[in-house]
Amino acid sequence: MDKEFTYIGKRVPRVDSLSRVTGEAVFAADLKLPRMLVGKVKRSHVAHARIVRVDTSKAERLRGVKAVVTGRDTAGVKWGVFRYTQDMEFLPRDKVRYFGEEIAAVAAVDEDTALEALELIEVELEELPAVFTPLDAMASEGPWIHDEYPNNVNVHVEINVGDVEKGFEESYLVREDTFTAAEDDYFMGEPFAVVARFDDGGNLEMWTPNAGPHMKAKPLSNALRMPLNKVRVRKIAIGGAFGGRSEISPADYICALLARKSARPVKLIYTREENTVNVRMGHALITTIKTGVDREGRVLARDITCYMDGGAYSSTGPIATSVPFLCMEQAYRMENVRYNGYRIFTNKPVRGMIRMHGRSFACGVDLQLDRLGEELGIDPVTMRLRNARKAGETTPTGSVVSSCGLTECIEKAAEKIEWRKKYGNLPPWRGIGIGINSVQTGFPLGIRGGSQAFIKFNEDGGVTLNSGVVDNGQGNDQMLVQVVAEELGLPLEDVNLITADTELTANDPGSYSMVSTFAGGNAARLAAIDAREKLFRIAAEALEANPADLVLKDRKIFVAGSPDRFLPLTKVVRMGLIQGRPVSGEGHFAPKVDHRREWVSNPHGQLSEAFSFGATVAEVEVDPDTGQVRVLEVAAAQDCGFAINPMVVEGQFEGSVAMGGQGGMLTEYHFWDGGRCMNPTQLEYKVPLAADMPRIHPIIVESNDPGGPYGAKEAGMSIAMSAAQAYASAIADAIGVTITDFPMTPDKILEAIEKRRQEERK
Amino acid sequence: MRLPAFEYLEPRDRQEALDYLARYSENASILAGGSDLLVRMKQRLVRTSYVISLKHLKDLDGIRPDEDGRLCLGSNTPLVSIIRSPLLQGAYRGLTDAIRRIGAPPIQHYRGTIGGNLCLETRCLYYNQSAFWRSGRPRCQKDGGEICYAEENSDRCRSANVSDGACALMALDAEIVLESREGERSLPIEEFFTGKGESPFARSPDELVTTIRLPAPETAFGSSFRKLTYRSAIDFALVSASAGVKVEAGRIARARIAVGGAGAAPLLLREASEKLLGKSPEDGDAVAETAAQAGRHAAAFMVDNLGATLEYRQKMAAVLVRKAVQEALARAENGNARGRRER
């Protein structure tokens, strides 16, 4: 960029860092309100059953119990992200569909009383046959989990572009492989907690971890049959989301219901087990990929069929079924491609979006490309470079890619780990691998629109930005402060925020689908520019200058090129007040997408305005005795458009390697005893430890997207996905066997090594 | 998760602790660090009316040799004191290596004690779950019921001992001293464990483990500890192995091999250990044979209940024994001295 920035592109500490490290940040579980009650949820202890009877009379009579709610207290409104996926009652009346599903809830004066009351609720269930895998679910003769979905098929996304059969015919080499992966999970630092209260005007106030307060308020208003302006989701510190807090949670609704019935504030805190089972988790996948390439390794045709274990409800189903394919079609050029994605209901907890969404899909595509290259004598980096997406191209489903630094990412990551020197020349049991991926920067999600921001000036020249953007850990608040400070020539501490409050702020699409900087950042920037123009009009008159010649820097408005001709910002703000034209700013931004595009019925057209790209290279060492992997080094390169704060972006890369690579590929998975999740806690679900992390080289690539604020686009996911692919590729290189079931835990690696040894002996 | 109600007792000395134990017997639980007990109480795996904290029992905190040169570890000795003790280097490195793998450094430094780790309850993924998780079906054997979810038709509980300290102490041939108001008794460590998952310890409810006694240090003795986990800290063992070996005149004179994460007690593999006797420490075949034998015996005790696949844990038992024996032999021959210099 040719412009010289004061804050944009600079390594400045985040506004929220200090309160996080000192423990002063207030999370929902920390809140204490006068007369507040403790809420607890009664859950199903079977995986699939008809609800025959729920008798709460004994619980209601227990001293200290102030409210008990069941499906009878609801208006029976069903939640779904789309009109055609509305299938989830927050307190079901007819059936329970997974082990742990909500049946009733209590609010009592303390936790012991609430727990005792749960024991007093009598639940009679008529157990139904349950299914726990997609294949069993499809083969089941019923009863279906939802009557409206025969054979338990929830979503079918079908995409067919070009002529796939012809592409295969013209291919020099064709391979078909199947890749599978178990469920993965978020394990946010903060377990879910919610506080709800009704004020004396009948307004609902709620504090809850979210990835978009407006995206919670709307479904709450529907389910509670309240006007939207009476549902006020407040700002609160949030300890992570990773895709798991995009939707309203049954607990949000239940807590509000308890608060309404008891006429007192209610706090409901999830245990770690509830946070695992009753929030969301990643889908398990079975992905069959067939790819045809020419002699030079260019992909001529691809046919992918994927079965996703969706759990008991639709959740973000149509999106979840599409995104793994879309990431792949963005990252790799191809003309002939077919996709059949099926999301299948099972009697397991509900699956949603996750940062490393569809690991068997992404890793399968990349591992297969490695194997095709091997047969052709082409190394993995060259295979990637020959097929990598370029700027100006259009994806198979019709999205124009306006900016793309993928080739640069591949080259820089490979160079950092000395790919050319190492590939094929490493000592035994060492391996090197690469993965590449692409992520959308904001796609439309049902009714969600753009972001709107407002700025007001205080008399002393400080400003308050009003924006619906939420920060759930990634640094969105810091992003807003840097943008406004830059545009208004203010020090960072002069910018105050009112954000993520549905009463006070205008609509915002939420911080999922990687859109906050693109939409919310642009809206804040435009609001600041609007305010600045008003300031300049006032200042221009006083300075007898042309507004176009003015600059705003260090709390002063200068005439460009004349450092002596200036007015203090405070003075101009006061002049505005006195002259009856107070200074404020408004900005709004919605990504330019094709609104006719629909996930299932019409998956064609511009999906997102921008796409970002990542390449990760990893070097690993495998212990052939134990199958354990030590990751020696990782280079993570991402085209994030432009790094508004490189320190924050690098933090995203490091977290991405931990979540996508180290955890996602080596240790993280759920396993089951029927419908019971065997490892719902942090002891048994193996999130990687800091001590086990490899050295990471973050490489920021900047393609300056024309639509992004200062050129910025997504920065939190492309590395997570490509890191998983790089780990998988490096392990295959180290052991000489391609493992097709993820994560690649030591038991699987050892088994693969032994199989190879047996075959070599033959 | 919330702790159930209980009465908390803080005896000022050993006598008061023994009085409480005599009075409350099986209604009492001993808090010797708490990283295991408190979780079990929250999960309603243990129902107890009294929790007796050992934190003021200073006379049970310390490491000192007795008149016969044996090393006495007070049961209330913090894990960090064991890691740091100059008395526990050399021949006893198998123990310090094990202690370094318990939980994570904050647990070793802040709360954990050697007695607490020795008395770590056996574990099973079908049992170590919340009360809600276990609801809706009959209780398992360790939970007071009659079913085993880990192994179909098993007539007994198949939970496993995963205490790192216990495994190392087994290989070191430790002695466990128990005291009650009635007096004191001392058990060889293999008798301290019952081998029963439902009730893994030979401690009667009125008894307190007061001392862990280690044989006097010898020259040409080496010990070691190996533990398999998916992460370098926090995790309990998927399988573990410890070895203690004595070399005399170029031959292996004594050997004790223990495997954890298999049965309800750390397994003392006598037959496999005996295979080493009279062999040269450089005899790789003997070590391999021993490891294979140890692996086969340990595998027979294992069921699929600690995570990873059963086949993997079974295979790893032999690998870990081999590595542990090799390291113990190296230390017996010269490694202890070198080990000291390295520090």
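Okay, the overall build of chain B next. Along the backbone of chain B there are 12 helices and 12 strands. On C-alpha atoms alone, chain B measures out to a radius of gyration of 20 Å, which is about the 20 Å that the 2.2 N^0.38 rule sets for 343 residues. A principal-axis box enclosing the C-alpha atoms of chain B has dimensions of 60 × 50 × 35 Å. Per-residue burial over chain B gives 51% buried out of 343 residues. Sequence-distant contacts, at least 24 apart, represent 68% of the contacts inside chain B between residues at least 6 apart.

This paragraph deals with the overall build of chain A. Secondary structure assignment for chain A yields 19 helices and 31 strands. Whereas a compact globule of 762 residues would reach a radius of gyration of roughly 27 Å, chain A reaches 27 Å, a difference of no more than 12%. Considering only contacts within chain A whose residues lie at least 6 apart along the sequence, 80% involve residues at least 24 apart.

Moving on, we get to the pairing of strand β7 (residues 183-188) of chain B. Residue and element names in this part refer to chain B. Little of β7 is tucked away, with zero of its six residues classed as buried. Sheet analysis places strand β6 (residues 175-180) next to β7, joined by six bridges and oriented antiparallel. Note on β7: the bridge partner recorded for Glu 175 is Pro 188.

Chain-level pLDDT for chain B is 95 on average; 97% of the residues reach the 70-or-more range. Reported confidence for the predicted complex is 0.95 by ipTM and 0.96 by pTM.

On to the domain arrangement of chain A. How big an interface is tends to be expressed through the accessible area that disappears when the partners come together. Residues and elements named next belong to chain A. Looking at chain A, the domain boundaries give domain 1 (17-24 + 450-589), domain 2 (31-128 + 190-239 + 246-277) and domain 3 (284-444 + 596-761). Facing 17 residues of domain 1, the contacting portion of domain 3 comprises 18 residues. Breaking the side of domain 1 that touches domain 3 down by element, the ones donating at least two residues are α14 (476-488) and α15 (516-543). Of the residues forming the side of domain 1 that touches domain 3, the biggest block, six residues, is contributed by α15. Taken together, the residues of the side of domain 1 that touches domain 3 sort by class into eight nonpolar, eight polar and one charged.

Assigned domains of chain B: these are domain 1 (1-54) and domain 2 (220-342). The straight-line distance from the C-alpha centre of domain 1 of chain B to that of domain 2 of chain B is 35 Å.

Turning our eyes to something else, we now look at the interface of chain A and chain B. Taken together, the contact between chain A and chain B spans 24 residues of the former and 22 residues of the latter. Where the side of chain A that touches chain B is concerned, the elements lending two or more residues are α3 (111-120) and α19 (746-761) of chain A. It is α19(A) that provides the largest number of residues to the side of chain A that touches chain B, a total of three residues. Here the residues of the side of chain A that touches chain B sort into nine nonpolar, five polar and 10 charged.

Here we come to the sheet that holds strand β21 (residues 495-499) of chain A. Each strand in a sheet pairs with its neighbour through backbone hydrogen bonds, running either in the same direction (parallel) or in the opposite one (antiparallel). Residue and element names in this part refer to chain A. Spatial ordering of the open sheet is given by β21-β20-β19-β25, a layout of four strands whose pairing is mixed. The strands lining the two open edges of the sheet, one partner per strand, are β21 and β25 (584-589). Sheet twist, expressed as the average angle between the axes of neighbouring strands with direction ignored, equals 20°. Direction of pairing for strand β19 (residues 451-457) relative to strand β20 (residues 463-467): antiparallel, over a ladder of five bridges. Each residue of the ladder has a partner; that of Ala 453, found in β20, is Ser 467. Its contacts with the sheet put α14 on β19, β20 and β21, and the angle it makes with β21 is roughly 135°.

With respect to the element layout, Val174(A) can be found in strand β10 (residues 173-181). The contacts of Val174(A), once residues within four sequence positions are left out, are Phe168(A), Lys290(A) and Gly292(A).

Here we come to the sheet that holds strand β24 (residues 562-568) of chain A. Residue and element names in this part refer to chain A. Strand order in this open sheet of three strands is β22-β23-β24, and the pairing throughout is antiparallel. Two strands lie at the open edges of the sheet, namely β22 (550-553) and β24, each paired on one side alone. Averaged over all neighbouring strand pairs, the angle between strand axes comes to 35°, with direction disregarded. In the sheet, strand β23 (residues 556-559) pairs with β24 via four bridges, with the strands oriented antiparallel. Paired with Lys 556 across the bridge in β24 is Pro 568. This element, helix α16 (residues 569-578), spans β23 and β24 of the sheet and lies at about 45° to β24.

Residue and element names in this part refer to chain A. Relative orientation of the contacting elements helix α6 (residues 213-224) and helix α7 (residues 250-262) amounts to 50°, with a least axis distance of 10 Å. Our classification of the angle between α6 and α7 gives oblique. Regarding α6 and α7, the two cross each other, and that crossing is right-handed. Within the contact between the two elements, α6 uses Lys 216, Leu 220, Ala 223 and Leu 224 and α7 uses Asp 252, Tyr 253 and Ala 256. Considering only residue class, the contact of α6 with α7 consists of five nonpolar, no polar and two charged.

A few words on the packing of helix α9 (residues 317-331) of chain A against helix α10 (residues 359-376) of chain A. Each pair of packed helices can be described by the angle between their axes along with the distance between the axes. Residue and element names in this part refer to chain A. Viewed as axis vectors pointing N to C, α9 and α10 meet at an angle of 30°, and their least axial separation amounts to 9 Å. Classified by the interaxial angle, the pair formed by α9 and α10 is roughly parallel. At the point where α9 passes α10, the crossing takes the right-handed sense. Contacts between α9 and α10 involve Pro 324, Cys 327 and Met 328 on the former and, on the latter, Phe 361, Ala 362 and Val 365. Looking at the contact of α9 with α10, its residues break down into six nonpolar, no polar and no charged.

A word on the pairing of strand β9 (residues 221-228) of chain B. Residue and element names in this part refer to chain B. Among the eight residues of β9, eight are classified as buried, and the element is accordingly described as predominantly covered. Because side chains alternate across β9, one face comprises the buried residues Phe 221, Ser 223, Phe 225 and Lys 227, and the other comprises Gly 222, Ser 224, Arg 226 and Leu 228, equally buried. Direction of pairing for β9 relative to strand β10 (residues 239-248): antiparallel, over a ladder of eight bridges. Within β10, the position partnered with Ser 224 by the bridge is Ala 243.

With that settled, consider unusual backbone geometry. In this chain, Gly142(A) is followed by Pro143(A) through a cis amide linkage whose omega measures 0°. Within the fold, Pro143(A) resides in the loop between α4 (134-139) and β9 (153-161). One non-glycine residue, Ala220(B), lies in positive phi territory at about 55°. Within the secondary structure layout, Ala220(B) lies in the loop between β8 (208-214) and β9. Judged by C-beta crowding, with 18 C-beta atoms within 10 Å, Ala220(B) ranks as partly exposed.

Attention now goes to the environment of Asp13(B). You can see Asp13(B) is positioned in the loop between β1 (7-9) and α1 (14-24). Considered as a pair, Asp13(B) and Leu57(B) are 44 residues apart in the sequence and their alpha carbons are 5.2 Å apart.

By the criterion of burial, helix α8 (residues 164-171) of chain B is predominantly enclosed, with eight of the eight residues buried. Of the residues making up α8(B), those classed as buried are Asp164(B), Gly165(B), Ala166(B), Cys167(B), Ala168(B), Leu169(B), Met170(B) and Ala171(B).

The rules behind the values
Residues numbered from 1 in each chain as written. Chains lettered and ligands numbered in written order. Predicted model: local features only at pLDDT ≥ 70, side-chain atom pairs only at ≥ 80, totals over all residues. Helix = DSSP H or I, 4+ residues; strand = E, 2+ residues; numbered from the N terminus. Rg over C-alpha atoms; globule rule 2.2 N^0.38 Å. Buried ≥ 20, exposed ≤ 12 C-beta atoms within 10 Å, placed from the backbone. Contact = placed C-beta atoms within 7 Å. Pairing = 2+ DSSP bridges. pLDDT = per-residue confidence, 0-100. Domains from an automatic or database assignment. Nonpolar A, V, L, I, M, F, W, Y, C, P; charged D, E, K, R; others polar. Axes fitted to C-alpha atoms, helices over the stretch in contact; angles between N-to-C directions. Parallel < 35°, antiparallel > 145°, perpendicular 65-115°, else oblique. Left-handed = near helix turned anticlockwise from the far one by under 90°.

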